[in-house]
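# Structural features, examined
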Amino acid sequence: MVEINLSAEVRKLAEERGIPLEQVREVVQHGEETKEKLLLDDQTLAKKRIGTTTVYVVYRRAGEAIDVVTVYSHRMEEREVSDFVPDDVQPWRCGRCNKNVVRASMNVSYLGITRQAPAMACPDCGVGFFEEHIVNKTLCTAMCLFEKKRA
Amino acid sequence: MKFIVDPDPKWVEHATKRFAAPFVGRPYDRIDVDPILLSEAGYLAGFSAKEWYLNPKKGIASVIAAHEAFDLIPVAHWWPTIHVWEQELGNKLEWRENQPPHIKENAIKTPEDIDKLEVVSEEEIKKGPTYTSFVEAFDYVRDNYPNWFVPLYFAFHPEANASQLIGLEKFLVMTIRNPPLCHKLIQKFMETSLNGCRALVERYGSAMIVTGSTVAGSDLLGPKQVKEFGVRYVSELVKKALKIGAGPQIWYHHCGNHARDWELWKDTIFTPFTVMQIGYEGRKPFPLEKLKQLYGRRATLMGNVDTMVAYSGSPTQVYEMAKEQILAAKDSPYGFISGLACECPHGSPPANIHALVRAARDFGKYEGD
Ligand SMILES: [Zn+2]
C-alpha cells in the first residue's frame, strides 16, 4: 500500500472538513488508476465520489510516497459540464488527454435543486473539476441555503 | 437619533423569504421587485442626490425605508458613485445637486500617462474615498439593520471605469489605434478595483459582486471588441473576486444597448446565486423572452422597464411594461425579479414605483400560494 503523508496542517484541515485518511487514499488510488485527474507541475488533483460526497485531493509524489497538499469535499451531485470557454485556458492539464483544461460550467444538484457553478474541464474528454475556493465558498453557501429552504 | 424608523421585522422576514425563493427553486408569494433605487431613495426621503452620495449612512438608510415602503427586495443598494476606484487613480469628480457625480478632470491626459499609472495597493485603497464611504455605509447597516447586511463589492464595469480615466472618446480611439495600451489601462484599473475587493472581503468576510458592462455594448463597440474589452475582463474580474472570497452572489448589470453582443456574456462566470440583467436592445428594453432562452438556466433574470418611462412616463405605462415583462419571464427556470433597466432616475414619481410593484402583485403571483 502506497504511503500517504499528511502534514499536521493538512491533517487538521482534513479533520475539520470531515475527510478520513481512507478516503484520501481512495481518491489518490482512483486518480492513479483511472487517470481521472489533472496535472500541474509536480501536483496532481484527483476526485472521487464516495457515497454522497465528492472528495478532492491535491497531492504530489515524494519518491514512492504521496504528500497531500490539500483536501476538500462537497455533497452536491456533479452533473453535466457545459459552456466550455476555449479562450480561457487553465494551467492544469487533463491526466488522460494531456490537454490543458479550460474554464467551463458544471451543473450541480442538491435536494432536487440544480444550478451551475464555475469549473475547469478538459475540452477533449469533458471531465470537470472544481477548485478549492469554489467548493468551500460557492458550493458550501448553496448547500446551506438549499438545506434551509427545503427544510 | 436614527434617520429612519426601524423596518417592521415581520415585513423583513417575509421579504427575505420572497427574495431567497428564486435561488432555491421554490416560488414564494410573488415575483420580487427591485427598481434600483439609489439617490431616488433620497428624493423620496426629501433630500438631494448630492446629499445621498455624500452621506453614506443617511443614503443607505433612505434605501431601506423606501424598500419597506414599496415592498421591494430586502437588500439596500448603496454606492458612492459609479466612478468607484477611479478617484484613487487620480480622477477628479464633481458633485451636482440632483444628478450623479461626473468627472471634472481625467486622471490620464496622454496615452503615455498609462505607462506611468500605478495600481493602487490594498493599503492605499483603504485610505481612499471609495473604500471609506462603502465602509461607512456597510458598517452602519451591519450595526443597525443586521438583516439588511449585504456588503457589496461594487466593481461597476471594468472597461467603463477604465475609459473614464482617460475620457470616453480617447478610449474609443485607443481601442482601434492601440489595443495593447487599452488593455494595459483596463488591467491597471481592474487590479486596483480588485485591491478594493480584497479590503472589503478582509473586513466583511464576503461581498456580493456587482459588475457588467456599458462601454462594451452595441452602441460604442462591435461584438469582437465587446469580447476583447468587455467579456474578457468581466470574466477575469469575477474569477479573481471569487478567489479573493467575494461572492458567490453576482449581479450582472449590462447597461444600455446590447443588441449585437447579448449572447457573448454567456462566457462569463455563473454561480448558483447569479442575477442577469441586460438593459436594452436598440432603444427598447431587451426582450425577456430572448433573455430567458439563453440565460434562464444560467441565472435568475432581472427585468428592465425603461428608466425614461419610470422618470417621465405615466404609472399606467410603467404598469403595462412591467406586466409584459413579468408574463414573459415569470416562469424562467431560475426565477425572475422585476425591475428597471438601470438606476431609477432621481426625481421619478413615486406613483411610478408603485405601479411597478402593482404589476408584480397583479401578474407575478405564483399558483397555489
Ligand atoms: Zn481529457
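Quantities reported herein were computed from a predicted structural model and do not represent experimental measurements. (Residues numbered from 1 in each chain as written. Chains lettered and ligands numbered in written order. Predicted model: local features only at pLDDT ≥ 70, side-chain atom pairs only at ≥ 80, totals over all residues. Heavy atoms only, no water.)

### What about the overall build of chain B?
Scanning chain B from N- to C-terminus turns up 15 helices and 10 strands. The globule rule puts the C-alpha radius of gyration for 369 residues at 21 Å, and the 19 Å found for chain B is close to it. Seen through its principal axes, chain B has C-alpha atoms that stretch 60 × 50 × 40 Å. Sorting the 369 residues of chain B into buried and exposed places 61% on the buried side. Within chain B, residue pairs in contact and separated by at least 24 positions form 77% of the contacts whose partners lie at least 6 positions apart. Looking at chain B as shown, the accessible area adds up to about 13900 Å², and 53% of this sits on carbon and sulfur atoms. (Helix = DSSP H or I, 4+ residues; strand = E, 2+ residues; numbered from the N terminus. Rg over C-alpha atoms; globule rule 2.2 N^0.38 Å. Buried < 20%, exposed > 50% of the residue type's maximum accessible area, 1.4 Å probe, protein only. Contact = heavy atoms within 4.5 Å. Areas by Shrake-Rupley, 256 points an atom, 1.4 Å probe, with all protein chains shown as cover.)

### Some details on the domain arrangement of chain B
All names here are of chain B. Each domain of chain B was delimited in the assignment, giving domain 1 (1-78 + 301-369) and domain 2 (106-271). A straight line from the C-alpha centre of domain 1 to that of domain 2 covers 24 Å. Residue-level contacts link 23 residues of domain 1 with 16 residues of domain 2. Our enumeration of links across domain 1 and domain 2 arrives at one salt bridge. (Domains from an automatic or database assignment. Salt bridge = Lys/Arg side-chain N within 4 Å of Asp/Glu carboxyl O.)

### Considering the pattern of salt bridges
Where charged atoms of side chains with opposite charge meet at close range, the side chains can pair. All names here are of chain A. Summed over all chains, the structure comprises 39 salt bridges over all chains. A salt bridge links aspartate 88 to arginine 103; its shortest N-O distance comes to 2.5 Å. Here arginine 103 lies in strand β7 (residues 100-110) and aspartate 88 lies in strand β6 (residues 77-94), a separation of 15 residues in the sequence. With relative accessibility at 14%, the residue aspartate 88 sits in the buried group. Overall, the relative accessible area of 7% leaves arginine 103 in the buried class.

### Focus on the domain arrangement of chain A
The parts lose accessible area when they come together, and the size of an interface is often stated as this lost area. Residue and element names in this part refer to chain A. The domain architecture assigned to chain A consists of domain 1 (4-74) and domain 2 (77-150). With centres defined by C-alpha atoms, the gap from domain 1 to domain 2 works out at 18 Å. The interface is formed by 23 residues belonging to domain 1 together with 21 residues belonging to domain 2. Approximately 1900 Å² of surface area, both sides summed, lies buried where domain 1 meets domain 2, with 63% of it carried by carbon and sulfur atoms. In terms of surface lost to domain 2, no three residues of domain 1 exceed Leu38, Leu39 and His74, which account for 34% of the buried area on that side. Here arginine 17 ties to glutamate 132 by a salt bridge, and the two come within 2.7 Å at their closest N and O atoms. For the pair domain 1 and domain 2, the interface holds 11 residue pairs in polar contact (both at pLDDT 80 or more). Those elements that provide at least two residues to the side of domain 1 that touches domain 2 are β2 (37-40), β3 (43-50), β4 (53-62) and β5 (65-74). Considering only residue class, the side of domain 1 that touches domain 2 consists of 10 nonpolar, seven polar and six charged. (Buried area = accessible area lost by both parts, 1.4 Å probe. Polar contact = N/O pair within 3.5 Å; in protein donor to acceptor, adjacent residues only side chain to side chain. Nonpolar A, V, L, I, M, F, W, Y, C, P; charged D, E, K, R; others polar.)

### With respect to the sheet that holds β2(A)
Residues and elements named next belong to chain A. Taken in spatial order, the nine strands make up an open sheet running β1-β5-β4-β3-β2-β6-β7-β8-β9, and their pairing is mixed. Since the sheet does not close on itself, it has two edges, and those belong to β1 (4-6) and β9 (128-129), each with one partner. Pairing between β7 and strand β8 (residues 113-121): nine bridges, direction antiparallel. Bridge pairing in β8 links tyrosine 110 to isoleucine 113. (Pairing = 2+ DSSP bridges.)

### Notes on the layout of surface pockets
Taken as a whole, the largest pocket spans an internal volume of roughly 890 Å³. Those elements that place two or more of their residues in the lining of the largest pocket are α3 (132-150) of chain A together with α1 (9-20) and β6 (250-257) of chain B. Looking at which element gives the most residues to the lining of the largest pocket, the answer is α3(A), with six residues. Residues of the lining of the largest pocket, tallied by class, amount to 22 nonpolar, seven polar and four charged. (1 Å grid on protein atoms, 1.4 Å probe; cavity = no way out; pocket = protein on both sides within 12 Å on 5 of 7 lines; lining within 4 Å. Points joined across faces, edges and corners; volume = space filled by probe spheres on them.)

### Quick notes on the interface of chain B and chain A
Contacts between the two partners involve 27 residues from chain B and, on the opposite side, 23 residues from chain A. It is Val24(B), Pro272(B) and Tyr334(B) that lose the most area in chain B upon contact with chain A, and together they represent 26% of the buried surface on that side. Our enumeration of links across chain B and chain A arrives at 10 residue pairs in polar contact (both at pLDDT 80 or more). Ranked by the residues each element gives to the side of chain B that touches chain A, the list is headed by helix α11 (residues 223-244) of chain B, at five residues. Each residue belonging to the side of chain B that touches chain A can be placed in one class, and the counts come to 11 nonpolar, eight polar and eight charged.

### Observations regarding the packing of helix α8 (residues 158-166) of chain B against helix α10 (residues 179-204) of chain B
All names here are of chain B. Relative to each other, α8 and α10 sit at 110 degrees, their axes nearing to 9 Å. Comparing their axes, α10 and α8 come out roughly perpendicular. Each of Pro158, Glu159, Asn161, Ala162, Leu165 and Ile166 in α8 lies in contact with α10, whose residues at this interface are Leu185, Ile186 and Phe189. In the contact of α8 with α10, the residues fall into seven nonpolar, one polar and one charged. (Axes fitted to C-alpha atoms, helices over the stretch in contact; angles between N-to-C directions. Parallel < 35°, antiparallel > 145°, perpendicular 65-115°, else oblique.)

### Here we look at the coordination of the zinc ion
Residue and element names in this part refer to chain A. In this structure, Cys94 (SG), Cys97 (SG), Cys122 (SG) and Cys125 (SG) serve as the protein donors to the zinc ion, at separations of 2.2 to 2.4 Å. Here the zinc ion binds four donor atoms, and the angle range of 107 to 111 degrees at the metal identifies the geometry as tetrahedral. Counting the intervening residues between successive donors of the zinc ion yields the motif C-x2-C-x24-C-x2-C. Placement of the pair is cysteine 94 in strand β6 and cysteine 122 in the loop between β8 and β9, with a sequence separation of 28 residues. Since its relative accessible area comes to 1%, cysteine 94 is described here as buried. (Donors = N, O, S within 2.8 Å, 3.2 Å for Na, K, Ca; no water. Tetrahedral: all angles 85-135°; square planar, octahedral: opposite > 155°, others 65-115°.)

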